[in-house]
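Residues per chain, in single letters:
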Amino acid sequence: MPLVVPGINNDMPGGDQGDWLNKLAGKKITTEAVGGVDSFAKQDLPQSHRICKPGDAMTMDYRSDRLNVHVDENGTVRDVNYG
């Protein structure tokens, strides 16, 4: 079943990049069932996603439906993009 997050799902399979950035910027991704004011639940990200930490090795394959969530060294979301 596809992820449904109000106000996020539109053109892209998992939602618009700008909407995801607005939703995630400055928050930490958590494995808890529900995110809080300063966090976002990992289970609420699109099925096709990856968390990108500084210095992590990543494959260079392009997948238009995959949301890349870029975090800083503290685990705080700084940017998102599809690919």
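Residues numbered from 1 in each chain as written. Predicted model: local features only at pLDDT ≥ 70, side-chain atom pairs only at ≥ 80, totals over all residues. Heavy atoms only, no water.

Chemist: Whenever I open this one, the overall build of the protein chain confuses me. Can you help?
Modeler: Helix and strand counts for the protein chain stand at 1 helix and 5 strands. If you list the helices and strands of the protein chain from N to C, you get α-β-β-β-β-β. Here the protein chain, with 83 residues, has 31% of them falling under the buried criterion. Considering only intrachain contacts with a sequence separation of at least 6, the fraction spanning at least 24 residues in the protein chain is 30%. In the form shown here, the protein chain has an accessible surface area of approximately 5300 Å², with 50% of it arising from carbon and sulfur atoms. (Helix = DSSP H or I, 4+ residues; strand = E, 2+ residues; numbered from the N terminus. Buried < 20%, exposed > 50% of the residue type's maximum accessible area, 1.4 Å probe, protein only. Contact = heavy atoms within 4.5 Å. Areas by Shrake-Rupley, 256 points an atom, 1.4 Å probe, with all protein chains shown as cover.)

Chemist: When you look at the nonpolar core in this model, what are you seeing that I'm missing?
Modeler: The tendency in soluble globular proteins is for nonpolar side chains to be buried as a group. Counting 10 residues, the largest nonpolar core consists of Trp20, Leu24, Phe40, Leu45, Leu67, Val69, Val71, Val77, Val80 and Tyr82. Going through the elements one at a time, helix H1 (17-24), strand S4 (67-71) and strand S5 (77-82) are the ones with two or more residues in this core. Once you skip the residues sitting within four places of it in the chain, Leu24 turns out to touch Ile29, Phe40, Leu45, Val69, Val77 and Val80. (Core = buried A, V, L, I, M, F, W, Y, C linked by side-chain atoms within 4.5 Å.)

Chemist: Explain the pattern of salt bridges here, please?
Modeler: Between side chains of opposite charge, a pair can form as their charged atoms come close. Using the criterion set out here, one finds 3 salt bridges in the structure. Across the pair Asp61 and Arg66 runs a salt bridge, and its minimum N-O distance is 3.5 Å. Judged by relative accessible area, which is 5%, Arg66 ranks as buried. A salt bridge links Asp65 to Arg63, with the shortest nitrogen-to-oxygen separation between them at 4.0 Å. (Salt bridge = Lys/Arg side-chain N within 4 Å of Asp/Glu carboxyl O.)

Chemist: Would you mind showing me how to read the packing of aromatic side chains here?
Modeler: Evaluated as defined, the whole model comprises 1 aromatic pair. On the numbers, 6.0 Å between centres and 85° between planes, the contact of Trp20 with Phe40 is edge-to-face. Pair noted here: Trp20 is in helix H1 and Phe40 is in strand S2 (residues 39-41), with a separation of 20 residues, a long-range link. Each member of the pair, Trp20 as well as Phe40, carries the same accessibility label: buried. (Phe/Tyr/Trp six-rings, centres within 6.5 Å; stacked < 30°, edge-to-face > 60°.)

That's the geometry; what it means functionally is another story.
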